[in-house]
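Residue-level listing of the chains:
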Amino acid sequence: GKLGGRELMHGSDLDLVFVYDHSDDVDASDGNKPLAPSVYFMRLAQRIVSAISAPTGEGKLYEIDLRLRPSGNKGPIAARLGGYFDYLKDSAWTWEFMALTRARPISGPTELQAQISAGIRDLLTMPRDANNLIYEVDHMRSRMAGEHQGASIWDFKHHRGGLVDIEFIVQNFQLSLGPDDPTVLSPTTMEALRKLSTANALSYNDADVLMSALKLWQGLQSIIRLIGPERLEEGQPPAGQANALCRVAEVETFDVLRLLVEEKALAVRDTYARLIQHPAGKLAE
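What counts, and at which threshold
Residues numbered from 1 in each chain as written. Predicted model: local features only at pLDDT ≥ 70, side-chain atom pairs only at ≥ 80, totals over all residues. Heavy atoms only, no water. Helix = DSSP H or I, 4+ residues; strand = E, 2+ residues; numbered from the N terminus. Rg over C-alpha atoms; globule rule 2.2 N^0.38 Å. Axes fitted to C-alpha atoms, helices over the stretch in contact; angles between N-to-C directions. Parallel < 35°, antiparallel > 145°, perpendicular 65-115°, else oblique. Contact = heavy atoms within 4.5 Å. Nonpolar A, V, L, I, M, F, W, Y, C, P; charged D, E, K, R; others polar. Buried < 20%, exposed > 50% of the residue type's maximum accessible area, 1.4 Å probe, protein only. Arc of directions from axis to C-beta. Phe/Tyr/Trp six-rings, centres within 6.5 Å; stacked < 30°, edge-to-face > 60°. Core = buried A, V, L, I, M, F, W, Y, C linked by side-chain atoms within 4.5 Å.

A.B. asks: Honestly, the overall build of the protein in this entry has me stumped. Any pointers?
C.D. replies: When its secondary structure is counted, the protein shows 10 helices and 4 strands. Start at the N end of the protein and walk to the C end: the helices and strands fall as β-β-α-β-β-α-α-α-α-α-α-α-α-α. In terms of overall size, the protein behaves like a compact globule, its C-alpha atoms giving a radius of gyration of 21 Å where 285 residues would be expected to give roughly 19 Å. Seen along its three principal axes, the alpha-carbon backbone of the protein occupies a region of about 65 × 50 × 30 Å.

A.B. asks: Would you take a moment to explain the packing of helix 7 (residues 189-198) against helix 8 (residues 204-227) for this structure?
C.D. replies: How two helices sit against one another is set out by the angle between their axes and by the gap between those axes. The contact between helix 7 and helix 8 brings their axes to 10 Å, and the two run at 170 degrees. Comparing the axis directions of helix 7 and helix 8 gives the class roughly antiparallel. Contacts between helix 7 and helix 8 involve T189, M190, L193, R194 and S197 from the first element and Y204, A207, L210, M211, L214 and K215 from the second. Here the residues of the contact of helix 7 with helix 8 are counted per class, giving 7 nonpolar, 2 polar and 2 charged.

A.B. asks: Explain helix 7 to me, please; I cannot follow it from the model alone.
C.D. replies: One full turn of an α-helix is made of 3.6 residues, so residues set three or four places apart face in the same direction. Those residues of helix 7 not exposed but buried are T189, M190, A192, L193, L196 and S197. Along the axis of helix 7, the buried positions cluster into a sector of 160 degrees, meaning they face one direction only. Those residues of helix 7 hidden inside the fold are in contact with helix 6 (163-177) and helix 8. Following helix 7 by one or two positions, N200 adopts a phi angle in the positive range, close to 65 degrees.

A.B. asks: Please explain the packing of aromatic side chains as it appears in this structure.
C.D. replies: Geometry of an aromatic ring pair is reported as the spacing of the ring centres plus the angle between the planes. Considering all chains together, one arrives at 6 aromatic pairs under this definition. Measuring from ring centre to ring centre gives 6.1 Å for W154 and F156, while their planes differ by 90 degrees; the resulting arrangement is edge-to-face. One exposure class covers both W154 and F156, and it is buried. Judged by centre distance (5.1 Å) and plane angle (25 degrees), the rings of F156 and W217 are stacked. Of this pair, F156 sits in the loop between helix 5 (130-147) and helix 6 while W217 is found in helix 8, placing the two residues 61 residues apart along the sequence.

A.B. asks: Where do I start with the nonpolar core in this structure?
C.D. replies: As a rule of thumb, nonpolar side chains are buried together in soluble globular proteins. In this structure, W154, L202, W217 and L257 are the most contacted members of the largest nonpolar core, which totals 64 residues. Beyond its immediate stretch of four places on either side in the chain, L257 contacts W154, L220, L245, C246, A249 and V251. Core analysis: the next-biggest nonpolar cluster, separate from the first, contains 12 residues, L3, Y20, V49 and I64 among them.

A.B. asks: What exactly am I supposed to notice about the environment of V170 here?
C.D. replies: Assignment of secondary structure puts V170 in helix 6. The buried category is assigned to V170, whose relative accessible area is 3%. Residues V170 and L202, 32 residues apart in the sequence, show an inter-C-alpha distance of 9.4 Å. Not counting residues within four places of it along the chain, the set of residues in contact with V170 comprises T189, A192, L193 and L196.

A.B. asks: Looking at this structure, I do not really get the environment of L260. What am I missing?
C.D. replies: Mapped onto the secondary structure, L260 falls in helix 10 (residues 254-284). When the C-alpha positions of L260 and A249 are compared, they lie 8.6 Å apart, and in sequence the two are 11 residues distant. Among residues more than four places away in sequence, those in contact with L260 are L216, A249 and V251.

A.B. asks: So what exactly am I meant to see when it comes to unusual backbone geometry here?
C.D. replies: Note: most peptide bonds trans; most residues except glycine with negative phi. One non-glycine residue, R6, adopts positive backbone phi at about 55 degrees. Among the residues examined, R6 registers a relative accessible area of 58% and is labelled exposed. In the Ramachandran plot, E250 falls in the positive-phi region, its phi being about 60 degrees despite a non-glycine side chain. Within the secondary structure layout, E250 lies in the loop between helix 9 (239-249) and helix 10.

Structure, rendered in structure tokens:
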């Protein structure tokens, strides 16, 4: 998610997976009240989550999302390294590999982080059926569109031509091309777009359309989360809010901004349709 991609902004939650490892000959911790390793690390993970997300007088630091762990909310909060990678290799759905393109270790022993990075790279470079991949990516996008209408042009995540369309394009090509060219892999969407363009996986024009829209969507979304979206649909927000949004987009008026947003969303939507939707549709015929 945004944490893995180094794209956190106001209101972002943290998508976390807790992974641990230990020697096979370790049966328990060495404290006053010995615990089995699995129990020890699950309790440690829960304490970290509580410290980050507990309500305080100043509010929560972050919302935590743990659904990306094996078996989702039904699975243990912390997974042993080998079991985690075995699950991904043998049982993960396509959407889990798409999420994995955004993953990176953020804390822990240096050796364990190196093992995690190597494991992620191995999984992302596994050979996969490109036709099946693109079909499932588009199927997932259609399901998301049904669940999150994204009717407002200011919903930069779910509106067609928004962030999800860009991210799905990037993740599809990273997963399909990664086995032959690992240089296209990056958890940061903008950097991944640059790498895909350099590898000629995306044309210069397509990459330019997507990077330009991505920069604008991220900038505007950050401002809107700070000022609130309520007045945008009324046509003209207060002057201060309108000016802040216009400065991010480098335009003079709010009316010009609205036209720019509509234009870039249409360009991204057309790019998604050409690169993902239409090829997937032909496979379904």
